[in-house]
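Close look at the chain arrangement
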Amino acid sequence: MTGQLIGVAAGAGHAMLGKVQTQSLSPEFIGRDTELTRLAAVLAAADGGAPQAVLIGGEAGVGKTRLTEEFMAAAGAAGAVTAIGGCVEIGAEGLPFAPVSTALRHLYHLLGAELTQAVAGQEAELARLLPELGDSGAGRRDPHDEEGRVRLFELTARLLERLGAERTLVVIVEDLHWADRSTRELLAYLFRSVQHSRVLIAATYRSDDIHRRHPLRPFLAETDRLRTVERIELSRFSRDEVRRQLTAILAESPVDAVVDDVFARSDGNPFFVEELACSIRGDCFTGISDSLRDLLLVRVEQLSESAQRVAKFVAEGGNAVEYRVLAAITGIGEDDLLDALRSAVSANILLPSADGDGYRFRHSLVREAVGDDLLPGERSRINRRYAEAIEADPSLVRADERAARLASFWYAAHDPAKALPAVLRAAVEARDRHAYAEQYRLLERALELWDAAPAEVRDALRLVDFAEAYAPLSPAEYTSAAGTGDPDRPFRFLDLLAEVTVAARLGGERERAYTMTKRALRLIELDGDQEPLRAAWFWSQRSRLIEDLGRGDGWEELGRAQELVRGLPASAAHAEVLSHTAGWIMIHNPSEAGIAAAEQAVDLARRTGVRDTEFQARITLGILQADCGDVDGGLAEIEDVLKQLAKLPLPSITARAYGNLASVLEGAGRSGEAVRVARAGQTLVDSRISGPTRAWLLLDEGESLISLGRLTEAVPRLAEANRLVQTAYLKAGGELLLGHVALTTGDIDAAVTHHAAAAEGLRRDTQPQHQLPLLKLGMQVALAQGRTADAREELARAVRHGFPPGSTRFSWPMMVAGAALDPETVRAGAAELPRPTPLCEAYALLLAAELDGGEPALWAAAEEAFAAEERPLELAGIRLRRAEALLAAGGPGARDEAGRLLGLADGMAAEAGAAPLGARIAALAQRARLRTTPEDPAETFGLTARERDVLRLVADGRTNRQIAEELFISPKTASVHVSNILAKLAVSTRTEAAALTHRLQLLPKAR
């Protein structure tokens, strides 16, 4: 028995309990040497700068909390900063992000200004987890921003990295078996994503609770695949450890018979050993219980009636209950309440909560036993007391927990009239925190309560308070950017179905979301089709879900939506449907119909004042214009959107504009510009976008770098893109490009691996922009492995797939690559391909040379065309083939010209690291006994004499004005020469041009 000071926060308004004598059960830490050694090794690794993750599992009562306490004490003694947060078991859904918020709050109070500085510029987003940073609402979330959740996860990871940059940071999440889905997903993200910092994240969970359908099971399966996650399973105590534990508790060594009895009854569970030791010591006069439940309740029943009453209220209140709440709900005077708490703490039933502001059970097993012992009516009455007290004085609980706790209490009180609005308010807060899974579960509960709630309660609900899924229906109803419409418009059951649909989709429950659209459409049909805009919205959602679920392309459903809005007055919902339609056409089959839909969507969005829909539709319009042949018009449209977005806080739309502008430029053969645009987008939007969106910009950059032959620059960008995404589908684009790089550099095995990964990720995808590159890579891999028949089949599949407008950047290279496999099929397929850009014209000339073989003039025409394009590896291949044709044809000067071409081609292949191409060049040169080193390396890039003079001065660091003075030309002319040089060298800056000049020795040394 030792003294322990128990108290509450100074502002609690009640006296300290003072010095309380408590039973100090298990004063010694018994066993766990192996586990502590493993944790010490993990801590050392984190201290060395390698982020670590640990999962500690074990049955209830086996000592997980005690182990983590010992570990945190050791880590703190070693200089680490530690923080802990516990998952909250409240209702069926838990408080979104509760343990992470608690841990961050602890760090906030501990580190103060340092944490504030680490979150600078991102306070509004991170306030969703840590309200102390500002307005936790950060305003209502943008209903069209579906990346907010991932962005929040990324910002949390970056925050931990900054805090763990100069010191070791240990964050522990307890009771993961109670975690809400959002917490589980955030934790999984942190396990994967925290890098280059001294951060250790650990979590504990009850292994005996993880049944086959427990929501934690998929999380554990996922982390099992991560090599960076350490798993520690705590076993029960051995007989010797039970003896040591009893000796520590009883302060004397027990006889063998007692050890045997306790070991047999407890089965080595440390918590049960403690409870049994209590009986042995005589504190419990009923002796050792035969029932586990009775064993847990026996000491509670020895408390005074007031203390037992307090225990019942605490058991139903969640993990911990604030003192002021207990004072408000127990019906016990303050002095008697303090006496009751003192006796419960002295008996080691209750303990002060970590923040000193309330009380919790010493072990959750006791809390569960006390809670299970409540009568049904008793449980409802206690929950009603909680809810009524918090409604009467909201300051009793933390603001960020209030809505969720009220929803749980009113629901458990079986009062639908109170529970329905409370659940809806909690769903809004979950949505605003990007906790979509919890929002979905709360809305499912609202569906359950809807019919049970009185009509007057339902009629009092307002759309403006609870809904954001629908676009507003008409200009008259459009009153705010959130799109909630008329503030007096009632919130109806159909509105609830819309909220469930979106929450389920964002929360990963697509099947349930699909079911909600079907239910809503049936209701609308039963009402006599009086809701055409609502129906159109649900059909649009259903289209998206059908495609997501892999059950079709969604066009039929989208067609129903279009029919419903046709001829209706302008509305934001109408604009949204047409914008979705234009987007579908853009992806699947670009056409004039898509342009018309996009233009109409833009017009409707402008007339109804919905700026985000307007910008999305305009970006789509620009892409469709480019795909249908008006490349310059499409580029101008997207560039104008970017100018307007520069003044608006719409990072996701801005990123989409940059990404699509880069993509259109790449398709037009302007790869250098595409690289600069993609990089500018990454720099501008930076941390304001999610990982998948950043990955998209990186893929755009990587693709254009590959086109420019800058493979060594492309690979790290593609690897970074793959790191930022988790699903096989999102990784597929990077896998395709990495497979192309592997083929180009001669790593066939890697190309096979990348192709397989891309094929798996795109298994259900039907988009030409994905399928055509996949088929091309498959064809080239088969050819590299000598599987000609398989390669021919991949080509045939591509031709059967078809080449819709907008696919020319993929279809022309596909035809060229397959020309030797099946000339007639390729000739027929290419005859229908459009040529909207000079690059397409160049590919057409190259295909003609491929199909008609050995005519040097055809290869010369292809070379001339590609010399004007930013495709150095294609140009090198053409020069190789032209050299072959010249050597085969013979004639005056053929050998000299062939040698010159091989020299130019060899330089390009070597610069790109294209080993197979270099080997073919060397083999031809060896057979023909020709040298491959050009007399003037600058010829490789087609530099004129004047451009070489300018390049020499650029390499010396001269400015345009200095170059003009040196060469007796105007500064403007010097600037034009520099721009041309940068384009021919396929670099972005003068510094890069200088570095390339020195590395390749493009200019002869001065004599």
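Just above, that's the structure.
Quick notes on the rules
Residues numbered from 1 in each chain as written. Predicted model: local features only at pLDDT ≥ 70, side-chain atom pairs only at ≥ 80, totals over all residues. Heavy atoms only, no water. Helix = DSSP H or I, 4+ residues; strand = E, 2+ residues; numbered from the N terminus. Buried < 20%, exposed > 50% of the residue type's maximum accessible area, 1.4 Å probe, protein only. Contact = heavy atoms within 4.5 Å. Lys, Arg positive; Asp, Glu negative; His and termini not counted. Charge placed at Lys NZ, Arg CZ, Asp CG, Glu CD. Phe/Tyr/Trp six-rings, centres within 6.5 Å; stacked < 30°, edge-to-face > 60°. Lys NZ or Arg CZ within 6 Å of the ring centre and 35° of its normal. Salt bridge = Lys/Arg side-chain N within 4 Å of Asp/Glu carboxyl O. Core = buried A, V, L, I, M, F, W, Y, C linked by side-chain atoms within 4.5 Å. Pairing = 2+ DSSP bridges. Axes fitted to C-alpha atoms, helices over the stretch in contact; angles between N-to-C directions. Parallel < 35°, antiparallel > 145°, perpendicular 65-115°, else oblique. Left-handed = near helix turned anticlockwise from the far one by under 90°. Nonpolar A, V, L, I, M, F, W, Y, C, P; charged D, E, K, R; others polar. Expected span 1.5 Å × (residues − 1).

1. Some details on the overall build of the protein chain
Within the protein chain, the regular secondary structure consists of 49 helices and 10 strands. The dimensions of the protein chain, computed from C-alpha atoms along their principal axes, are 115 × 70 × 60 Å. Sorting the 1007 residues of the protein chain into buried and exposed places 55% on the buried side. Sequence-distant contacts in the protein chain: of pairs separated by 6 or more residues, those separated by 24 or more amount to 68%. The average position of the 116 basic charges and that of the 144 acidic charges among the side chains of the protein chain differ by 3 Å.

2. A short note on the environment of Trp-178
Within the element layout of this structure, Trp-178 appears in the loop between β5 (169-174) and α7 (181-193). The exposure class of Trp-178 is buried, given its relative accessible area of 12%. Each C-alpha atom of the pair Trp-178 and Gly-48 lies 32 Å from the other, and the pair is 130 residues apart in sequence.

3. Concerning unusual backbone geometry
Look at Asp-175: it is not a glycine, yet its phi comes out positive at around 60°. With respect to the helices and strands, Asp-175 occurs in the loop between β5 and α7. A positive phi angle, close to 65°, is found at His-434, a residue other than glycine. Mapped onto the fold, His-434 is located in the loop between α19 (416-432) and α20 (436-450). Residue classification places His-434 among the buried positions, given a relative accessible area of 1%.

4. Re the packing of aromatic side chains
As enumerated under the stated definition, the model contains 11 aromatic pairs in all. Centroid distance Trp-450 to Phe-493: 5.7 Å. Interplanar angle 55°. Geometry classified as tilted. With Trp-450 in helix α20 and Phe-493 in helix α23 (residues 493-506), this pair connects stretches of sequence that are 43 residues apart. When the ring of Trp-537 is compared with that of Phe-538, the centres are 4.9 Å apart and the planes differ by 85°; the resulting orientation is edge-to-face. Under the relative-accessibility criterion, Trp-537 is labelled buried at 4%. Each residue in the set Trp-450, Phe-466, Phe-491 and Phe-493 is aromatic and connected to the rest through ring pairs, giving one cluster. Above the face of the Tyr-411 ring, Arg-445 is positioned so that its terminal group lies 3.7 Å from the ring centre.

5. Here's the deal with the pattern of salt bridges
This model, assessed by the stated rule, comprises 76 salt bridges. Between Arg-787 and Asp-790 there is a salt bridge, with its nearest N and O atoms 2.7 Å apart. For Arg-787, a relative accessible area of 33% gives the class partly exposed. With a closest N to O distance of 3.1 Å, Glu-884 and Arg-881 form a salt bridge. Within this pair, Glu-884 and its partner Arg-881 are both found in helix α43 (residues 872-889), separated by three residues, close to a single helical turn. Relative accessible area serves as the criterion here: at 23%, Arg-881 is assigned to the partly exposed category.

6. Some remarks on the nonpolar core
Within the largest apolar cluster, 151 residues are counted, with the highest numbers of intra-cluster contacts made by Leu-176, Leu-496 and Phe-538. With 10 residues, the single largest contributor to this core is α23. With sequence-adjacent residues up to four places away left out, Phe-538 is seen in contact with Tyr-470, Leu-494, Leu-497, Ala-498, Thr-501, Thr-517, Ala-520, Leu-521 and Ile-524. In this structure, Cys-840, Leu-851, Ala-883 and Ala-914 belong to the second largest nonpolar core, which totals 54 residues.

7. Things to note about the sheet that holds β5
Taking strand neighbours across the sheet as the criterion, the five strands line up as β4-β5-β6-β3-β7 in an open arrangement whose pairing is parallel. In the strand order of this sheet, the two ends are held by β4 (81-86) and β7 (229-233), each with one partner. Pairs of neighbouring strands in the sheet enclose a mean axial angle of 15°, with direction left out of account. Judged from the seven bridges that link them, strand β3 (residues 52-58) and strand β6 (residues 199-206) form a sheet pairing that is parallel. Residue pairing in the sheet places Val-54 in a bridge with Ala-202 of β6. The strands touched by α7 are β3, β5, β6 and β7; relative to β6, the strand with the most contacts, the crossing angle is about 140°.

8. Description of the sheet that holds strand β9 (residues 350-352)
Spatially, the three strands line up as an open sheet ordered β8-β10-β9, and their pairing is antiparallel. Of all the strands in the sheet, the pair left with one neighbour each is β8 (321-322) and β9. Judged from the two bridges that link them, β8 and strand β10 (residues 358-361) form a sheet pairing that is antiparallel. Paired with Val-321 across the bridge in β10 is Tyr-359.

9. Observations concerning the environment of Ala-655
Mapped onto the elements, Ala-655 comes out in helix α31 (residues 651-667). Through-space distance from the C-alpha of Ala-655 to that of Arg-688 is 9.4 Å; in sequence the pair is 33 residues apart. Not counting residues within four places of it along the chain, the set of residues in contact with Ala-655 comprises Val-685, Ile-689, Thr-693, Trp-696 and Leu-697.

10. Some details on the packing of helix α37 (residues 768-784) against helix α39 (residues 808-818)
α39 packs onto α37 with a crossing angle of 20° between their chain directions and a minimal axis gap of 10 Å. As the angle between them shows, α37 and α39 are arranged roughly parallel. In this structure, α37 meets α39 at a crossing whose hand is left-handed. Here Gln-769, Leu-772, Pro-773, Leu-775, Lys-776, Met-779, Gln-780 and Leu-783 of α37 lie close against α39, whose contacting residues are Phe-810, Pro-813, Met-814, Ala-817 and Gly-818. When grouped by side-chain class, the residues that make up the contact of α37 with α39 number nine nonpolar, three polar and one charged.

11. Quick word on the side chain of Arg-882
Secondary-structure assignment places Arg-882 in helix α43. Leaving out residues up to four positions away in the same chain, Arg-882 has contacts with Pro-856, Trp-859, Ala-860, Glu-863, Glu-897, Arg-900 and Leu-901.

12. Overview of helix α9 (residues 239-250)
Residues that lie three or four places apart on an α-helix share one face, since the helix turns once every 3.6 residues. The end-to-end C-alpha distance of α9 is 16 Å, a good match for the 16 Å that 12 residues give at a rise of 1.5 Å each. The complete set of buried residues in α9 reads Glu-241, Val-242, Arg-243, Gln-245, Leu-246, Ala-248, Ile-249 and Leu-250. Among the residues trailing α9, Ala-251 stands out with phi positive, at a value near 65°.

13. Considerations on the packing of helix α36 (residues 748-761) against α37
Two quantities define a packed helix pair, namely the angle between the helix axes and the distance between the axes. Contact geometry for α36 and α37: axes closest at 10 Å, N-to-C directions at 150°. Here α36 is positioned roughly antiparallel relative to α37, judged by the angle of their axes. Crossing angle aside, the handedness with which α36 passes α37 is left-handed. Packed against α36, whose contacting residues are Ile-748, Ala-751, Val-752, His-755, Ala-758 and Ala-759, the element α37 presents Leu-774, Leu-777, Gly-778, Val-781 and Ala-784 at the interface.

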